[in-house]
Amino acid sequence: MDRAESVTLTNMCMIYQDNQVLVENKVNCDWNGITFPGGHVEKNESFADAVIREVYEETGLTIQSPRLCGIKDWTETDGSRYMVLLYKTDKFTGELESSEEGEVFWVSRDKLLTMDLSPDMADMLKVFSEDHLSEFYYYLENGEWTYELK
């Protein structure tokens, strides 16, 4: 039985300090709105190195000790898997700087839920914040996309 499958690997990181989280207002992509920084894992790159690189490219901050706290995943229509590795950290250095990906800024966790979030971001926040959750899983049911938090 062949268990190999094609997978696209990406990441996202919640950077926090006290009651503030660093957000990015993504623009010019298929997933616009307020989200956390992140991006693709390059070939032959460790997952931790990828999230450190992506956060630096999009925010100007160098994070340390990113902790894997969950995943978001689904199967694409071509049968390949798409996975987003969800990290969080409160350890970082550097000066905050926005990129062409979008403006980055600090916001209170309470205010975050009132903002124009990227699709599903409100539910993904639960995986970042609630220790009993570790997966945001999309699947097709009766021709409609639905998801479960596990």
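Up top is the structure.
Residues numbered from 1 in each chain as written. Predicted model: local features only at pLDDT ≥ 70, side-chain atom pairs only at ≥ 80, totals over all residues. Heavy atoms only, no water.

S.K.: Whenever I open this one, the overall build of the protein confuses me. Can you help?
M.R.: When you go through the protein residue by residue, the secondary structure sums to three helices and ten strands. Relative to its length of 150 residues, the protein is compact, with a C-alpha radius of gyration of 15 Å against a globular reference of 15 Å. Along the first, second and third principal axes, the C-alpha set of the protein runs to 50 × 35 × 35 Å. Counting across all 150 residues of the protein, residues that qualify as buried make up 42%. Across the protein, every contact between residues at least 6 apart in sequence was considered, and the portion connecting residues at least 24 apart equals 62%. When the accessible area of the protein is evaluated, it comes to approximately 8600 Å², of which 46% is carbon and sulfur surface. A distance of 6 Å separates the average location of the 13 positive side-chain charges in the protein from that of its 30 negative side-chain charges. (Helix = DSSP H or I, 4+ residues; strand = E, 2+ residues; numbered from the N terminus. Rg over C-alpha atoms; globule rule 2.2 N^0.38 Å. Buried < 20%, exposed > 50% of the residue type's maximum accessible area, 1.4 Å probe, protein only. Contact = heavy atoms within 4.5 Å. Areas by Shrake-Rupley, 256 points an atom, 1.4 Å probe, with all protein chains shown as cover. Lys, Arg positive; Asp, Glu negative; His and termini not counted. Charge placed at Lys NZ, Arg CZ, Asp CG, Glu CD.)

S.K.: Please clarify how the packing of aromatic side chains should be interpreted in this entry.
M.R.: Think of a pair of aromatic rings as described by two things: how far the centres are apart, and how the planes are tilted against each other in angle. Inspection of the entire model under this criterion finds nine aromatic pairs. Aromatic pair Trp74 and Tyr82: ring centres 4.6 Å apart, planes at 15 degrees, arrangement stacked. Residue classification places Trp74 among the buried residues on the basis of a relative accessible area of 16%. Geometrically, the ring pair formed by Phe136 and Tyr147 is stacked, given 4.5 Å between the ring centres and 20 degrees between the ring planes. Placement of Phe136 in strand E9 (residues 135-141) and of Tyr147 in strand E10 (residues 144-149) is noted, with a sequence separation of eleven residues between them. (Phe/Tyr/Trp six-rings, centres within 6.5 Å; stacked < 30°, edge-to-face > 60°.)

S.K.: Explain unusual backbone geometry to me, please; I cannot follow it from the model alone.
M.R.: With glycine set apart, most residues show a phi of negative sign, and most peptide bonds adopt trans. Phi at Asp18 takes a positive value of approximately 55 degrees, unusual for a residue other than glycine. Within the fold, Asp18 resides in the loop between strand E1 (7-17) and strand E2 (20-26). With a relative accessible area of 76%, Asp18 lands in the exposed category. Even without glycine at this site, Asp120 takes up a positive phi of about 70 degrees. Here Asp120 lies in the loop between helix H2 (109-112) and helix H3 (121-129).

S.K.: Hey, could you run me through the pattern of salt bridges in this one?
M.R.: Once the charged atoms of two side chains with opposite charge are near each other, the side chains can pair. Scanning the entire structure with this criterion turns up eleven salt bridges. Residue Arg81 pairs with Asp73 through a salt bridge whose shortest N-O separation is 3.0 Å. Several salt bridges converge on common partners, so that one network encompasses Glu42, Glu45, Arg53, Glu54 and Glu57. (Salt bridge = Lys/Arg side-chain N within 4 Å of Asp/Glu carboxyl O.)

S.K.: Please explain the state of the cysteines as it appears in this structure.
M.R.: In a disulfide, the sulfur atoms of two cysteines are held together by a covalent bond. Applying the stated criterion across every chain, the model contains zero disulfides. Considering cysteine sulfurs only, Cys13 is the nearest to Cys69, which forms no disulfide, with 8.0 Å between them. (Disulfide = S-S within 2.5 Å.)

S.K.: What is the right way to read helix H1 (residues 47-59) from this model?
M.R.: Turn by turn, an α-helix covers 3.6 residues, leaving residues three or four places apart pointing in a common direction. Taking 1.5 Å per residue, 13 residues should reach 18 Å; H1 reaches 18 Å between its end C-alpha atoms and fits that length. Looking only at H1, the buried set comprises Ala50, Val51, Glu54, Val55, Glu58 and Thr59. For H1, the angular spread of buried residues about the axis comes to 130 degrees, placing them on one side. Looking at the residues trailing H1, positive phi occurs at Gly60, about 85 degrees. (Expected span 1.5 Å × (residues − 1). Arc of directions from axis to C-beta.)

S.K.: What is the right way to look at the side chain of Thr59 in this model?
M.R.: The residue Thr59 is located in helix H1 in this model. Contacts of Thr59, omitting those with residues within four sequence positions, involve Leu22, Pro37, Glu95, Leu96, Glu97 and Val104.

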